[in-house]
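Given next are the chains, with one letter for each unit.
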Amino acid sequence: MKKQVLFSLALAGAMTMSTAVTAMAYDHEAIENSGDITITMMVSGTAYENDFETEQLPALIKEKWPNVTLEVTKLPDDNYYTSLKTKLASGECPDLILTQPMYAGQNSCYALAEAGYLASLNDLDTVAGRQDLNSVTYDGDVVTSTSGVSILGTYYNKDLFAQAGIESEPQTWDEFLEDCQKLQDAGIQPIVMGDKDQYVLQFGLYQIAANEIYPKNPDFDVQLRSGETHFTDEGTWDKVLEMYKTLYDNKYIDASKSLGYGASQAITDFIDGKAAMTFDGSFNAAALTAEGAAGPFERGYFPIPGTEGVYTATCLSAGYSIYSGSEYIDQCKEILDYWQDGSSPVWQAHLGTGRIIATYGEGADTAPNYELFKPFIDLLNEGKGFYWCNQAWPAGTETEMEVLFSEMVGGQGTEVEDIVEGMQEKFEDLLED
Amino acid sequence: MALGKKKDDREVQTYMKTSPKTILLYVVIILFCIVVISPLVIVFSSSLRSPENQTSPLALFIEFTGVSYIRAFSNMNYPMQLINSIMTTVGSVLCIVVFATMAAYPIGRIKTKLARFLYFFFISGLIIPSQMVIVPIAQTLNRLGVPNTRFTPMIMFITCSLPFSVFLFSGFMKGLPVEIEESAYIDGASLPKRFTSIVFPLLQPAIISCVITQGLWIWNDYFYPMVFITKKAQYSLPVGMLQFLGDKENPAQWNVLFAACVLCALPLIIVFLALQKQFVNGIAAGAVKG
Amino acid sequence: MQPKKKRKGNTSLIFTNKMYVFLIPALAMFLVFWIYPVLQLFYYSITNFNGINYDYEFVGLKNYAKVLSNGTLSNSLKNTMIYAVFTVVLSNVIGMAVAMALNTRIRFKGLFRTCAYFPALFSAIVVGFIWSYVYMPGAGMIGNLLTLIGLDGSAFNPLGNYKTALYAIAIVEIWKGFGTTMIIYLAGLQTVDESLLEAGRIDGCTEWQLIRKIKLPLISATVTINVILSVIAGLKAFDYSFIMTNGGPGKSTKTLMFQVYETAFTDMKMGRASAFSVMAFAFIIIITVLMLFYLNKREVEL
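The structure displayed is predicted, hence computed values, not measured ones.

J.: Sorry, what's going on with the packing of aromatic side chains here?
T.: Think of a pair of aromatic rings as described by two things: how far the centres are apart, and how the planes are tilted against each other in angle. Scanning the entire structure with this criterion turns up 65 aromatic pairs over all chains. Both rings, one in Trp237(A) and one in Trp393(A), keep their centres 5.4 Å apart while their planes meet at 65 degrees; by these two values the pair is edge-to-face. Taken together, the residues span a long stretch of sequence, with Trp237(A) in helix α10 (residues 237–249) and Trp393(A) in the loop between α16 (370–381) and α17 (397–409) at a distance of 156 residues. There is no split in this pair, since Trp237(A) and Trp393(A) are both buried. Plain terms: the ring middles of Phe238(C) and Phe258(C) are 6.5 Å apart, the flat faces sit at 35 degrees to each other, and that makes the pair tilted. Here Phe258(C) lies in helix α12 (residues 256–266) and Phe238(C) lies in the loop between α10 (220–235) and α11 (239–245), a separation of 20 residues in the sequence. Judged by relative accessible area, Phe238(C) falls into the buried class, the value being 11%. By relative accessible area, Phe258(C) is classed as buried at 2%. The structure contains a cluster of three or more aromatic residues connected by ring pairs, namely Tyr156(A), Phe161(A), Trp173(A), Phe176(A), Tyr244(A), Tyr248(A), Phe279(A), Phe302(A) and Phe405(A).

So this is what it looks like as structure tokens:
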């Protein structure tokens, strides 16, 4: 073993001890050999009825290992971020935390891994052999255990589409615009968005970017960092923003209203049948398929089609990481492996919530709303799925985009070229230091 | 100081005679109260809906069910969090009153530049929001080896309350007559004796006001318990409420949140209704002297 | 209060320097858990600390230069000033007016006082959410009322409008806070001697003159405390920008504290946010001290 360590050190030079050591399997009997232990976990989200993370998971873990008490805290995301930072600073971080792929958000797994807070998960049984984990791999170490995918798409009301005489889902951008026009002509608000919560602008823009930017240059964002590409490059973001702006120009999205609407109000309008479409994520499926004032109606879900083919903003969803300072690293690994193994009761329960879309494991295709999501997963499997843009940008770039875009549609004299310049400036500013 | 006496006089006073002018006054006041209260009706009406009912909250009282309350009650583990909230609030407020009145004693009584400086030094703490300093605070606690327990948020509540409380007490103290203390000094009373038996009782109106304002704030504050408590069994009510709030990927459970909010405010409302007179007069009496 | 000649040091026999012992517990806590962390913040302002990675470097005054040059300071400063002036003026005017109305001999005084104080019992999160329904375009509470009286309710969109959003959230702050202001004024008014007012009436003063010449001067200390407390609250404005508008539309409701928060947490520029805070603190201190001096001077003059 020692030889091996020395060998890898010699080979990789800068490779850290931990990487070399974790090449061994972790202790699969860690929990069995511990006494009564309490493992803490912190995630962001809302506590639903019979909530998975805060209620089912602790119970199922207790069932499997009676000596383990799992304490799960759920917080709204801004509070989650603040808590996470504070707990890292005070050295009392929970053992398991929720992290996002690449650079997304303040719980970005790259940023946390760079600062040395995340344990390597390379030796997890459920990680071995997986090829799809690039966006949670930092410096050769898988740092986040994740299994599902998340989708950005367009929810639509099939009844209203039929009323406007639309028979099938649009396959090209022009068809999409025509359908919007048909809805408008029929006196139906085509799209409702809650732009007061500016982050929802990402829901539409990233779908368009998946069509117009990444198919032509999958490395666009990598090259942004190296300076080979810029947000200001012609035919890239200017095109995406221009396309999205069309929806506002034609009042398919009514900016005078949407800027005063919150995300949850937009969802209410959609389920009340007051608008035919809304751009939203798979994570909001439960709310968007709930029954509203319009009674039950059939929903569909499609990716905004592009000018040259249909691609989707579908990618690996957020997952769970182990705090490197945890006393119970191996115990947490046992838990994660049990959770993610594709047939365990924990896995089944997680799947049953309908809030993750699994691409593998028993019963993945029987999960709630699976029919809605299937077209997206097919696209993903065909290699036509791209990550959400902000995962590749330093956090804060997307905020600048949202602010400038809402200034534009709010009639503040901001132009598309101001937005791309602003994004580029902010991007460079954030990358500095 | 004549305040207490005046109040008694008022008990026997007559009300204004009915004239067009007074009727107008009533109408204006009642309209005003309706405007103030109406948004809160939304909270109450929504809290009586089932969690899944997502129709606009403006459709008032369309459903009457206790489901949201039951969910909030059990999910928050209400009795436990209620006890935690009471302990945190009462404990912090007690310490605040003791420490701040003590600190205000020299600041309010000694007339030197140093005392004046200390006065402004404490006040300067009023203007810095805690969100900004939270990371350095956490590091400081870490360096001092203070573990995350139920007492950690209390430490921060007390510290953050000092600027306002010292400001309040020392201002009030400046208005208190010094003669009683002078005669006590002549009678040979020691400093601690003077403080506990003369000054502290005289501060009572300000103390009520401090207890109310700071108690209200501590009761409703989720920030420090959220970041400094690790064990769920030690959470207070506002932290429990947070879990219904949701985030970008998980819509808030508004009806449950409203129910939780009513449950969280309920003890305050009960206390407020029971002690209304002391409550309002207390705030008034304390603050007016500041 | 006592006439005393200006002299260096403490000359009082009764209030000796020994009294400073009483200060120890409070001062110790304040220094350790507040001042020391604040100083550390000052220190971060010359580094490129990102909030999580403690492997940071010194960057000198670069953060300060950046904050001054990138326009975020001037925008948020402007918004904060408007917000503060608006809330200070309105909450004091409304608070005082209601206090004066309730200081007359009317029935149900307790009930009215309770109504006015009720909003203060609820947390800002819930208040922010309710008000977004009050303001919602079209189907919102005010929108519905406007439609009811024959106006165009769907055109009412205060939070979505660049010109009105800031005032709209300031109104929420006033709604939640004026009860406390009112109660403090009420207390001040109760100390006003009724005989003085009676004398004024006999001299033929109008109600307005009574307020202007007798009531206001007599409650000037109350005015000072209310104004200072609301100025500080206004300058620290954060909650409703955060909960209701997220700083939007555009940048129109980004206040100083919101901008600091966004820089520190969303942009992960803790160092720059620290520089920003240092400048914001300096600004707030200057304003507060100036106001204190001015109001104290006025109090004496009146």
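J.: Would you explain the packing of helix α3 (residues 72–102) of chain C against α10(C) in this entry?
T.: The axes of two packed helices give the description: the angle between them and the distance between them. Residue and element names in this part refer to chain C. Across the interface, α3 lies against α10 with an axial gap of 8 Å and an inter-helix angle of 145 degrees. For the element pair α3 and α10, the recorded crossing hand is right-handed. Side by side, α3 and α10 meet where Thr 80, Met 81, Tyr 83, Ala 84, Thr 87, Val 88, Ser 91, Asn 92 and Met 96 of the first sit next to Val 223, Asn 226, Val 227, Ser 230, Val 231, Gly 234 and Leu 235 of the second. Tallied by class, the residues present in the contact of α3 with α10 amount to 9 nonpolar, 7 polar and no charged.

J.: What is the right way to look at the interface of chain C and chain B in this model?
T.: Many descriptions give the size of an interface as the accessible area lost when the pieces come together. Contacts between chain C and chain B engage 92 residues on the former and 102 residues on the latter. Summed over both sides, the interface between chain C and chain B buries roughly 9,300 Å², with carbon and sulfur atoms accounting for 80% of that surface. Counting across the chain C and chain B interface gives 8 residue pairs in polar contact (both at pLDDT 80 or more). Listed by contribution, the elements that provide at least two residues to the side of chain C that touches chain B are α1 (24–44), α3, α4 (109–117), α5 (124–134), α7 (165–190), α10, α12 and α13 (270–301) of chain C. Among the elements that make up the side of chain C that touches chain B, the one with the highest residue count is α1(C) (16 residues). When its residues are assigned to classes, the side of chain C that touches chain B shows 67 nonpolar, 18 polar and 7 charged.

J.: Looking at this model, I keep getting lost on a nonpolar patch on the surface. Mind explaining?
T.: Residues Ile23(B), Val27(B), Ile30(B), Leu31(B) and Ile34(B) make up a contiguous nonpolar surface patch of about 440 Å² in total accessible area. Looking at the secondary structure, you find Ile34(B) in helix α2 (residues 20–47).

J.: What exactly am I supposed to notice about the domain arrangement of chain A here?
T.: Residue and element names in this part refer to chain A. When the domains of chain A are assigned, the result is domain 1 (2–146 + 317–341) and domain 2 (150–315 + 376–431). Each of domain 1 and domain 2 has a C-alpha centre, and the two are 32 Å apart. At the boundary of domain 1 with domain 2, total buried surface from both sides reaches about 650 Å², with 57% on carbon and sulfur atoms. Of all residues in domain 1, the largest losses of buried area upon contact with domain 2 belong to Met 102, Tyr 103 and Ser 317, amounting jointly to 65% of the total for that side. Along the contact surface separating domain 1 from domain 2 lie 0 salt bridges. At the junction of domain 1 with domain 2, the criterion picks out 2 residue pairs in polar contact (both at pLDDT 80 or more). When grouped by side-chain class, the residues that make up the side of domain 1 that touches domain 2 number 4 nonpolar, 2 polar and no charged.

J.: Sorry if this is basic, but what is going on with the packing of helix α4 (residues 78–109) of chain B against helix α10 (residues 204–220) of chain B here?
T.: Residues and elements named next belong to chain B. Between α4 and α10, the least distance of the axes is 9 Å, while the angle of their chain directions is 140 degrees. In this view, α4 runs oblique relative to α10, as classed from their interaxial angle. When you trace α4 past α10, the crossing you get is right-handed. Across from Leu 82, Ser 85, Ile 86, Thr 89, Ser 92, Val 93, Ile 96, Val 97 and Thr 101 in α4, the residues of α10 making contact are Ile 207, Cys 210, Val 211, Gln 214, Gly 215, Ile 218 and Trp 219. Tallied by class, the residues present in the contact of α4 with α10 amount to 10 nonpolar, 6 polar and no charged.

J.: Quick question: what am I supposed to make of the interface of chain B and chain A here?
T.: Listed as interface residues are 37 residues of chain B and, on the opposing side, 38 residues of chain A. Note on chain B versus chain A: buried area summed over both sides is about 3,300 Å², and carbon and sulfur give 52% of it. For the interface between chain B and chain A, the tally reads 7 residue pairs in polar contact (both at pLDDT 80 or more). Among the secondary structure elements, those contributing two or more residues to the side of chain B that touches chain A are α3 (67–76), α6 (130–143) and α11 (223–228) of chain B. Considering every element that reaches the side of chain B that touches chain A, the biggest residue donor is α6(B), with 5 residues. Grouping the amino acids of the side of chain B that touches chain A by side-chain chemistry returns 18 nonpolar, 12 polar and 7 charged.

J.: What should I look at first to understand helix α3 (residues 52–64) of chain A in this one?
T.: An α-helical turn contains 3.6 residues, so any two residues separated by three or four positions project in the same direction. Residue and element names in this part refer to chain A. For α3, the complete set of buried residues consists of Phe 52, Glu 53, Thr 54, Leu 57, Pro 58, Leu 60 and Ile 61. Angular distribution of buried residues about the axis of α3 spans 170 degrees; they occupy a single face of the element. In the core, the buried residues of α3 are packed alongside β1 (37–44), β2 (68–75), β11 (319–322), α14 (329–340) and α15 (345–352).

J.: Looking at this model, I keep getting lost on a negative patch on the surface. Mind explaining?
T.: Residue and element names in this part refer to chain A. A cluster of acidic residues, Glu 242, Glu 415, Glu 417, Asp 418, Glu 421, Glu 425 and Glu 428, forms a negative patch at the surface. Ranked by the residues each element gives to the negative patch, the list is headed by helix α18 (residues 416–431), at 5 residues. Examined against the element boundaries, Asp 418 turns out to sit in helix α18.

J.: Is there a simple way to think about the environment of Asn369(A) in this case?
T.: Residue and element names in this part refer to chain A. Take Asn 369: it is sitting in the loop between β12 (357–358) and α16. Between the alpha carbons of Asn 369 and Ile 357 there is a distance of 9.1 Å; along the sequence they are 12 residues apart. Setting aside anything within four residues of it in sequence, one finds Asn 369 in contact with Ala 285 and Thr 289.

J.: How should I be thinking about the pattern of salt bridges in this particular structure?
T.: Pairs may arise between side chains of opposite charge once their charged atoms sit close together. All names here are of chain A. Considering all chains together, one arrives at 20 salt bridges over all chains under this definition. We note a salt bridge from Lys 74 to Asp 51, for which the minimum N-O separation is 3.0 Å. Taken together, the positions of Lys 74 in strand β2 and Asp 51 in the loop between β1 and α3 put the pair 23 residues apart, joining distant regions of the chain. Taken as a pair, Lys 74 and Asp 51 share a single burial class, namely buried. Close ionic contact of Arg 130 with Asp 132 constitutes a salt bridge, the shortest N to O distance being 3.0 Å. In this structure Arg 130 comes out as partly exposed when scored by relative accessible area, which is 21%. Look at Asp 132 and you get partly exposed, because its relative accessible area is 38%. Among the charged side chains, a salt-bridge network with shared partners connects Asp 51, Glu 53 and Lys 74.

J.: Would you explain the sheet that holds β1(A) in this entry?
T.: Pairing between the strands of a sheet comes from backbone hydrogen bonds, and it takes one of two forms, parallel or antiparallel. Residues and elements named next belong to chain A. If you trace the 4 strands from one edge of the open sheet to the other, you get β2-β1-β3-β11, paired in mixed fashion. Strand pairing shows two members of the sheet lacking a second neighbour, β2 and β11, which therefore form its edges. Strand-to-strand twist of the sheet, defined as the mean angle between neighbouring strand axes without regard to direction, takes the value 25 degrees. Taken together, the 2 bridges between β1 and strand β3 (residues 96–99) define a ladder with parallel strand orientation. Across the sheet, the residue bridging to Met 41 is Leu 96, located in β3. On the sheet, helix α4 (residues 77–89) packs against β1, β2 and β3 and is oriented at approximately 135 degrees with respect to β1.

J.: Any chance you could explain the environment of Asn250(A) here in plain terms?
T.: Residue and element names in this part refer to chain A. Relative to the assigned elements, Asn 250 resides in the loop between α10 and α11 (255–258). For Asn 250, a relative accessible area of 33% gives the class partly exposed. With 69 residues separating them along the chain, Asn 250 and Gln 181 place their C-alpha atoms 8.5 Å apart.

Criteria and cut-off values
- Residues numbered from 1 in each chain as written.
- Chains lettered and ligands numbered in written order.
- Predicted model: local features only at pLDDT ≥ 70, side-chain atom pairs only at ≥ 80, totals over all residues.
- Heavy atoms only, no water.
- Phe/Tyr/Trp six-rings, centres within 6.5 Å; stacked < 30°, edge-to-face > 60°.
- Helix = DSSP H or I, 4+ residues; strand = E, 2+ residues; numbered from the N terminus.
- Buried < 20%, exposed > 50% of the residue type's maximum accessible area, 1.4 Å probe, protein only.
- Axes fitted to C-alpha atoms, helices over the stretch in contact; angles between N-to-C directions.
- Left-handed = near helix turned anticlockwise from the far one by under 90°.
- Contact = heavy atoms within 4.5 Å.
- Nonpolar A, V, L, I, M, F, W, Y, C, P; charged D, E, K, R; others polar.
- Buried area = accessible area lost by both parts, 1.4 Å probe.
- Polar contact = N/O pair within 3.5 Å; in protein donor to acceptor, adjacent residues only side chain to side chain.
- Patch = residues over 30% accessible without salt bridge, like charges linked within 9 Å, V, L, I, M, F, W, Y side chains within 5 Å.
- Areas by Shrake-Rupley, 256 points an atom, 1.4 Å probe, with all protein chains shown as cover.
- Salt bridge = Lys/Arg side-chain N within 4 Å of Asp/Glu carboxyl O.
- Domains from an automatic or database assignment.
- Parallel < 35°, antiparallel > 145°, perpendicular 65-115°, else oblique.
- Arc of directions from axis to C-beta.
- Lys, Arg positive; Asp, Glu negative; His and termini not counted.
- Charge placed at Lys NZ, Arg CZ, Asp CG, Glu CD.
- Pairing = 2+ DSSP bridges.

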